[in-house]
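Fold and contact review
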Amino acid sequence: MTVSRLALCVSFYSAIFVSTSIVAPSAQAQEWVYTTVAGDNLWNLSEQHLDRATRFKQLQKLNNIENPRQMQPGTRLRVPLKWIRSNPVPAEISEIRGKGELLRAADNSVQPLKEGSQIQLGDRVRSGADTTLAIRFADDTVLTLYSNSLIRFDHLSAHGTTGMVDSRLHLLKGRMDTRVTPASGPGSRFEIETPSAISAVRGTEYRATVADEGKLSNIEVLHGKVVVRGADKKRLIKAGYGTQVAAGTAPIPPKKLLPPPQFKKPDGAIRSINWTINWNTNEDARGYRIEVSEDASFNTLLWQQVSQYSRAPLPDIPDGNYFVRVRGIDQLGLEGQSNVLAFSLDARPQPPVQLSPADKKLFRGQSPELQWTASEDAVRYHLEIATDAAFSNLIVDDDNIRGNRYDSSALPVPGSYFWRLTSITADNEFGPIGLIREWEIKPIPAKVDAQMSSSEDGMLVASWPSGGAGQTYQAQLAYDKGFEDLQNDSILTEPEMSFLPVKNTARYLRVRTIDTDGYIGPWGTTQKVVPVIDYTPLAIWGSFLMLILL
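So, a few notes on the structure that sits alongside this text. (Residues numbered from 1 in each chain as written. Predicted model: local features only at pLDDT ≥ 70, side-chain atom pairs only at ≥ 80, totals over all residues. Heavy atoms only, no water.)

This next bit is on empty space enclosed by the protein. Counted according to the given criterion, the structure contains two cavities of 30 Å³ or more. Lining the largest cavity, in full, are Trp32, Tyr34, Leu45, His49, Leu50, Leu59, Leu77 and Val79. Breaking the lining of the largest cavity down by element, the ones donating at least two residues are strand E2 (31-35), helix H2 (42-49) and strand E3 (76-80). Of the residues in the lining of the largest cavity, the class split is seven nonpolar, one polar and no charged. Quantified by volume, the second largest cavity comes out at close to 40 Å³. If you trace the second largest cavity, you find it lined by Ile270, Ser272, Ile273, Asn274, Trp275, Leu314, Pro315, Ile317, Phe343 and Leu345. Here the residues of the lining of the second largest cavity sort into eight nonpolar, two polar and no charged. (1 Å grid on protein atoms, 1.4 Å probe; cavity = no way out; pocket = protein on both sides within 12 Å on 5 of 7 lines; lining within 4 Å. Points joined across faces, edges and corners; volume = space filled by probe spheres on them. Helix = DSSP H or I, 4+ residues; strand = E, 2+ residues; numbered from the N terminus. Nonpolar A, V, L, I, M, F, W, Y, C, P; charged D, E, K, R; others polar.)

Moving on, we get to the pattern of salt bridges. For the coordinates displayed, the defined rule picks out 26 salt bridges. Between Glu291 and Arg325 there is a salt bridge, and its shortest N-O distance comes to 2.4 Å. Of the two residues, Glu291 sits in strand E24 (residues 287-293) while Arg325 sits in strand E27 (residues 320-329), which places them 34 residues apart along the sequence. As far as burial versus exposure is concerned, Glu291 and Arg325 are alike and both buried. (Salt bridge = Lys/Arg side-chain N within 4 Å of Asp/Glu carboxyl O. Buried < 20%, exposed > 50% of the residue type's maximum accessible area, 1.4 Å probe, protein only.)

Take the layout of surface pockets next. Estimates place the volume of the largest pocket at around 240 Å³. Along the walls of the largest pocket sit 14 residues, with Glu205, Arg207, Leu222, Arg325 and Ser338 positioned nearest its centre. Its residues assigned to classes, the lining of the largest pocket shows four nonpolar, four polar and six charged.

The next thing to look at is the sheet that holds strand E38 (residues 460-463). Pairing is antiparallel across the open sheet formed by three strands, whose spatial order is E37-E38-E41. Each edge of the sheet is formed by a strand with only one pairing partner; in this case those strands are strand E37 (451-454) and strand E41 (496-499). Taken pair by pair, the neighbouring strands of this sheet meet at an average axis angle of 25°, ignoring direction. Judged from the four bridges that link them, E38 and E41 form a sheet pairing that is antiparallel. Paired with Val461 across the bridge in E41 is Ser498. (Pairing = 2+ DSSP bridges. Axes fitted to C-alpha atoms, helices over the stretch in contact; angles between N-to-C directions.)

Next up on the list: the packing of aromatic side chains. Tallied over the full model, the rule gives ten aromatic pairs. An angle of 70° between the planes, with centres 5.4 Å apart, marks the rings of Trp43 and Phe56 as edge-to-face. Placement of Trp43 in helix H2 and of Phe56 in helix H3 (residues 55-63) is noted, with a sequence separation of 13 residues between them. Aromatic rings pair up to connect Phe137, Phe153 and Phe190 into one cluster. Over the ring of Phe391 we find Arg420; its NZ or CZ atom is 3.9 Å from the centre of that ring. Its guanidinium or amino end placed over the ring of Phe483, Arg510 lies 4.0 Å from that ring's centre, counting from NZ or CZ. (Phe/Tyr/Trp six-rings, centres within 6.5 Å; stacked < 30°, edge-to-face > 60°. Lys NZ or Arg CZ within 6 Å of the ring centre and 35° of its normal.)

Quick look at the pairing of strand E13 (residues 165-179) now. A large share of E13 lies buried, amounting to twelve of its 15 residues. As judged from the four bridges shared by strand E11 (residues 142-145) and E13, these two strands associate in the antiparallel manner. Across the sheet, Val142 pairs through a bridge with Arg179, a residue of E13. With eight bridges joining them, strand E12 (residues 150-158) and E13 adopt antiparallel strand pairing. Directly across from His155, in E13, lies its bridge partner Arg168. Between E12 and E13, which pair antiparallel one after the other, the connecting turn spans six residues, and Gly160 there sits at a positive phi close to 55°. Note that E13 and strand E14 (residues 189-193) share five bridges and pair parallel. Looking at E14, one finds that Asp166 is bridged to Arg189. The pairing of E13 with strand E16 (residues 205-211) spans six bridges and is antiparallel. Residue pairing across strands places Gly174 opposite Val210, the latter belonging to E16.

Here it is, written out as structure tokens:
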């Protein structure tokens, strides 16, 4: 056997692949090496795998077999690839989420895609918006086609029952990734062509994207190796690297893919809808792709998004177990290595939205009525009211609240209170605890009644009981009891006010308290200051006796 022929001999078990279109000069020079098992003979092998049963004589001669009916297990047989039977095999839609179309080559018909749809040679598959679908080939290779993509199936065949499958596809538009089954012989082939490149692979995982209206192709290799050709020039792209091919140009040198982002993992099950997932920022990333799937294979997606930020709120999806994966996108648009996080969502029934009172609302004298929305899945609510934010000192703990109101007027005044709600379903499932909100009740400042006295310098002095620390006072002195004709309107920090006596003119006095938060209490009793007859000290002192309560 010549050196060149030895190079083309591939063991059935070692599964080494040589691309016929890129590496080998011709398929006719290739051979399949089959290792016999107990019960094998040349006639049965020829009948099962070759284009005609009479090939057993040529097979006997080629391999120098003395007794074709009795062969020892483990005998290695060389079989020219051109002798092996080739037959068309369809691909199949194994999963679909969304909508797509199957464009038949045979009759130009258009059919809606569904699980189990058979794809024949020459057919095209088009995915709709917000759609992902998985295509399974005869060797269990899986291709995921993403939204708004179009792919044509140029070759779909198998070499009998040898396990060797030849699949050649043309990604005309959009984005896809593959998980390719390792080759089972030299007749195995998996090629993806784009408008600007051809990629030959075996036993690998990689992604392909057609961008810029078909003028640009990105190839990203995650496992194994891929030979990429453009403008009759080839590059071998290893795992962890990508390349870009513009129409009519050679592939750029392999570029290292961005590393997988590192997640900030949740502590246990996620208990809120639209929980925000966070990861570390990569300065070389122009954005990030975030994908959510129900299974770790990500054959189809529940949701996906591209964000320029290193965080994203998860979608509103039913409670359950999911997987999210994130990868960076570099300046060329090459997408990097993914990191996958398994998470459990247990966010239902959702707590109601608290309507009133507003958070940190201050009330005077009496607690408010608590109100909230009706939670969709709840039949009752668990209401907790405490005097501390940690809810260690509960004063209301009621898990049988029906409706969406609660009268809290029985709570002691003054006080600071915290409240939260939990929805409960008909089967007694408690949802996540809702937001903590707070309100405060302060007493209404008491009415202020002034008393009158005189000072040694002949001034009249109105005084009243001191309020709480930090309180101020508003005192008004007017010529009319409607307090429209004001003589004095003062804000005082001390509980007294001095003013000159006035001869022959009655005046009116009232005082009220201003609390530290600006709350203004009620006016005290309006008092009439009787006019002074003369200015002798005795008369002035006597004005105290002439303060009349109105």
